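Chain by chain, the residues run as shown.
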Amino acid sequence: MNLYGLIGYPLTHSFSKKYFTEKFAREGITDSTYELFELPDLAEFPHLLAAHPNLRGLNVTIPHKKTIMPFLDALDESARKVGAVNVIKLDNQGRTTGYNSDYYGFLLSLRHWLGNLSKPSALVLGNGGACRAVTAALTDLGISYLVVSRQPTAETISYEQINAETIKNHPLIINTTPLGTYPAIETFPPIPYSFLTNHHFLYDLVYNPTETQFMLKGAAAGASTHNGLAMLQLQAEKAWEIWSN
């Protein structure tokens, strides 16, 4: 039996397990199963591999997307481009290669959502592993962006620095933080929502709940909104493509 799974900590909920379990049943994939592996410390990663010789692939989630990289034997171009890994493929000899399917999921979902719309400048909220996938995709789509973080750097601004002009000049606003995720559904990124208009597009990578406070506040101002479910589905299918080939 081929084994696939998800590593991260904590794993209080899992899109991946439900998605792949249902996919295997729906598509008659009877030689594969998907499990959750909570790893508080990545020092346990080699032990996990040794304990499961039938492991063929892993998804990687918070907080290990960047710190897993030194543990792997090789990195695909997608992982090098993003600087983070969310998919690991294991070959028959147990050799591990890291990929980033978040990049593909976001790029395809954004392109489908915006359609033929002219490329709007983006404000990217958060600077973690998900941000890296988003900014790599934006670059490849030819969309300029500005990153917002709690601790500003030479390349980012702080939330306190966002003003009416910032919001006006960045019609596309992307939340890559976990703010608003169940069960903390009342939380949201601290941006000045009063400056939003019906010319704005708010993309939230959060998918649970389907309408976050970030999205609701945008919709109240007339903005178009989009959650992260399509991205998750697309990146999951990309992960399966990686494992299967």
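As the structure is a computational prediction, the values presented were derived from the model and not from experiment.

(A) Quick peek at the environment of valine 60. Within the secondary structure layout, valine 60 lies in strand E3 (residues 55-60). For the pair formed by valine 60 and valine 147, sequence separation is 87 residues and the distance between their alpha carbons is 23 Å. In contact with valine 60, not counting residues within four places along its chain, are Leu6, Ile7, Lys65, Ile68, Val85, Asn86 and Ile88.

(B) Expanded view of the sheet that holds strand E11 (residues 201-204). Spatially, 6 strands are ordered E9-E8-E7-E10-E11-E12 in an open sheet, and the strand pairing comes out parallel. The sheet is open, and its two edges are formed by strand E9 (156-157) and strand E12 (224-226), each paired on a single side. Note that strand E8 (residues 145-148) and E9 share 2 bridges and pair parallel. Across the sheet, valine 148 pairs through a bridge with isoleucine 157, a residue of E9. Lying over the sheet, helix H7 (residues 213-220) contacts strand E7 (122-125), strand E10 (172-175), E11 and E12, oriented at roughly 170 degrees with respect to E11.

(C) View of the pairing of E3. Extensive coverage of E3 is indicated by the burial of 5 of its 6 residues. Here 5 bridges tie strand E1 (residues 2-8) to E3, and the two strands are oriented parallel to one another. The residue bridging leucine 3 from the neighbouring strand is leucine 55, located in E3. Sheet analysis places E3 next to strand E5 (residues 87-90), joined by 3 bridges and oriented antiparallel. Residue pairing across strands places asparagine 59 opposite valine 87, the latter belonging to E5.

(D) Region of interest: unusual backbone geometry. That bond from isoleucine 62 to proline 63 is cis: its omega, 5 degrees, falls within 30 degrees of zero. Mapped onto the elements of the fold, proline 63 is located in the loop between E3 and strand E4 (74-75). Residue proline 183 is reached from tyrosine 182 by a cis peptide bond, and omega for that bond is 10 degrees. Residue position: proline 183 is located in the loop between E10 and E11.

(E) Here's a closer look at the nonpolar core. If you look at the biggest cluster of nonpolar residues, it comprises 25 residues, and the most contacted ones within it are Phe106, Leu110, Leu138, Leu172, Ile174 and Leu205. Elements that contribute at least two residues to this core include exactly helix H4 (101-114), E7, helix H5 (129-141), E10 and E11. Sort the elements by how many residues they give to this core and H5 lands first, with 8 residues. In this structure, Ile7, Phe37, Leu55 and Val60 belong to the second largest nonpolar core, which totals 18 residues.

Each value, and the rule that gives it
- Residues numbered from 1 in each chain as written.
- Predicted model: local features only at pLDDT ≥ 70, side-chain atom pairs only at ≥ 80, totals over all residues.
- Heavy atoms only, no water.
- Helix = DSSP H or I, 4+ residues; strand = E, 2+ residues; numbered from the N terminus.
- Contact = heavy atoms within 4.5 Å.
- Pairing = 2+ DSSP bridges.
- Axes fitted to C-alpha atoms, helices over the stretch in contact; angles between N-to-C directions.
- Buried < 20%, exposed > 50% of the residue type's maximum accessible area, 1.4 Å probe, protein only.
- Core = buried A, V, L, I, M, F, W, Y, C linked by side-chain atoms within 4.5 Å.

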